[in-house]
Amino acid sequence: MWTKSKLNIRALMAFGHDVVATAVCWCLAYWLRFNLDIPQPFFGGMLANLPWVVLIQSFVFWWFGLYRGIWRYASLPDLKRILGATVFATVIVTAALFFTRHGILLPRSVLLLDPILLVIVMGGSRFSYRVWKEHHLYGPFGQKGEPVIVLGAGVSAVSLVRDLARSQEWQVVGILDDNPAKFGRQLHGIKVLGRLDELPVWAAMLNVR
């Protein structure tokens, strides 16, 4: 019960963050459109449309399920969901404002700038939080543990290296693979050192048991 309440609180906090973001990005779009000096009557139009924009966009974001995920694990699918939600919200806002004639003094460029700013702010805040959280939990270079070498640089190795980077018990110090095209490349910051048959050499150099 406590965990569920905690998750609900975090979802509400995330929702509150995005509500503020919708208002800020709407005003910022006007600010950029008019080179940092919004003339009248556009300034009045911006404020008059602001409640409609915040209400519609906030509803669409909630309906798209942007608050079911966890910011700590923000990933590309989350960014795609944000992009889809902002595009859909922009279409609804545009239709609503022009249908109600609130969009008479609405510059078309604002309708382009607003969703771009929303994606940057909403997506950027989520990924920034993820980076901060992982740095806080694992440190800038991950937890120091027993050094290990991962054999193979395929799809499975990508998942393994990512999981081991969050472990307090292990520390990946290198990867070996028989594909010469992968030599010198990196997976999650870990370098592909050489061939599989060079394992004894690299193990001795890197103190891997």
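Every residue gets a number counted from 1 within its own chain, in the order that chain's sequence is written. Local features in this predicted model are restricted to residues of pLDDT 70 or higher, and side-chain atom pairs are both shown and tallied only at a pLDDT of 80 or more, whereas totals for entire chains, interfaces and linings draw on every residue. To get the side-chain values, take all heavy atoms of the structure and skip hydrogens and water.

A.B. asks: Describe a nonpolar patch on the surface, listing the residues and the values that go with them.
C.D. replies: Patch membership requires over 30% relative accessible area and the absence of a salt bridge. Like charges are linked within 9 Å, and nonpolar side chains (Val, Leu, Ile, Met, Phe, Trp, Tyr) within 5 Å. In these tables, accessible area is a Shrake-Rupley quantity obtained with a 1.4 Å probe, and a residue counts as shielded only by the protein chains included in the view. The term salt bridge refers to a side-chain nitrogen of Lys or Arg lying within 4 Å of a carboxyl oxygen of Asp or Glu. A cluster of nonpolar side chains, namely Phe59, Trp63, Leu83, Val87, Phe88, Val91 and Ile92, defines an oily patch on the protein surface of about 700 Å² accessible area. Strands here are runs of E lasting at least two residues and helices are runs of H or I lasting at least four, both read from the DSSP assignment and numbered beginning at the N terminus. Secondary-structure elements contributing two or more residues to the nonpolar patch are helix H2 (42-63) and helix H3 (76-99). Mapped onto the elements of the fold, Val87 is located in helix H3.

A.B. asks: I'd like to hear about the packing of aromatic side chains, residue by residue, with values.
C.D. replies: Pairing of aromatic rings covers Phe, Tyr and the six-membered ring of Trp, with a centre-to-centre limit of 6.5 Å; geometry is then stacked below 30 degrees between planes, edge-to-face above 60, and tilted otherwise. Under the defined criterion, the tally for this structure stands at 8 aromatic pairs. Here the aromatic rings of Trp26 and Tyr30 are separated by 5.5 Å at their centres, their planes lie at 65°, and the arrangement is edge-to-face. In this pair, Trp26 and Tyr30 are both assigned in helix H1 (residues 2-33), 4 residues apart and thus about one turn of the helix distant. Accessibility classification places Trp26 together with Tyr30 in one group, the buried group. Here Phe64 and Phe88 contribute two aromatic rings whose centre-to-centre distance is 5.7 Å and whose plane-to-plane angle is 45°, an arrangement assigned as tilted. Remark: Phe88 occurs in helix H3 and Phe64 occurs in the loop between H2 and H3; sequence separation between them is 24 residues. Burial classes follow relative accessibility: with a 1.4 Å probe on protein chains only, a residue under 20% of its type's maximum area counts as buried, one over 50% as exposed, and anything between as partly exposed.

A.B. asks: Which residues make up the packing of H2 against H3, and what are the values?
C.D. replies: The interhelical angle for the contact between H2 and H3, taken along N-to-C directions, is 145°, at an axis separation of 9 Å. Here H2 runs over H3; the crossing is right-handed. Seen from H2, the contacting residues are Asn49, Trp52, Val53, Ile56, Gln57, Val60, Phe61 and Trp63; seen from H3, they are Ala85, Thr86, Phe88, Ala89, Ile92, Val93, Ala96 and Leu97. Of the residues that constitute the contact of H2 with H3, the class distribution is 13 nonpolar, 3 polar and no charged. Angles shown run from 0 to 180 degrees and are taken between the N-to-C directions of axes, each axis being a line fitted to C-alpha atoms and, for helices, limited to the stretch in contact. In this scheme the handedness of a crossing depends on how the near helix is turned from the far one: anticlockwise by less than a right angle means left-handed, clockwise means right-handed. Any pair of residues with heavy atoms lying within 4.5 Å of one another is described as a contacting pair. Note that Gly is not counted as nonpolar here; it falls among the polar residues with everything else outside the nonpolar set of Ala, Val, Leu, Ile, Met, Phe, Trp, Tyr, Cys and Pro and the charged set of Asp, Glu, Lys and Arg.

A.B. asks: Could you give an account of the sheet that holds strand E3 (residues 186-187), with specific residues and numbers?
C.D. replies: A sheet is described by the order of its strands in space; here 4 strands give the open sequence E1-E2-E4-E3, paired in mixed fashion. The open sheet is flanked by strand E1 (146-151) and E3, the only strands paired with a single partner. Direction of pairing for E1 relative to strand E2 (residues 170-176): parallel, over a ladder of 6 bridges. The residue bridging Glu146 from the neighbouring strand is Trp170, located in E2. The strands touched by helix H5 (residues 155-165) are E1, E2, E3 and strand E4 (190-194); relative to E1, the strand with the most contacts, the crossing angle is about 170°. Packed onto the sheet, helix H6 (residues 199-206) meets E1, E2 and E4 and runs at close to 160° relative to E1. Think of it this way: DSSP has to see at least two bridges between two strands before they count as a pair.

A.B. asks: Which residues make up unusual backbone geometry, and what values do they have?
C.D. replies: A cis geometry characterises the amide bond from Gln40 onward to Pro41, with omega recorded as 5°. For Pro41, the position within the fold is in the loop between H1 and H2. Within the chain, Leu36 stands out as a residue other than glycine whose phi angle is a positive 75°. Within the secondary structure, Leu36 sits in the loop between H1 and H2.

A.B. asks: Can you lay out the pairing of E4 for me, pointing to particular residues and giving the numbers?
C.D. replies: For E2 and E4, the ladder comprises 2 bridges, and the chain directions are parallel. Residue pairing across strands places Leu176 opposite Gly194, the latter belonging to E4. Note that E3 and E4 share 2 bridges and pair antiparallel. Paired with Gln186 across the strands is Lys191, a residue of E4. Counted between consecutive antiparallel strands, the loop separating E3 from E4 contains 2 residues, among which His188 sits at a positive phi close to 50°.

A.B. asks: Can you tell me about the pattern of salt bridges, naming the residues and giving the values?
C.D. replies: Within this structure, the stated rule accounts for 5 salt bridges. Note that Arg81 is salt-bridged to Asp78, the shortest N-O span being 3.2 Å. With Arg81 and Asp78 both in helix H3 and 3 residues apart, the pair spans about one turn of that helix. In this structure, Arg195 engages Glu198 in a salt bridge whose closest nitrogen and oxygen atoms are separated by 3.5 Å. Judged by its relative accessible area of 21%, Glu198 falls in the partly exposed class.

Purely geometric stuff here, so don't read any function into it on its own.
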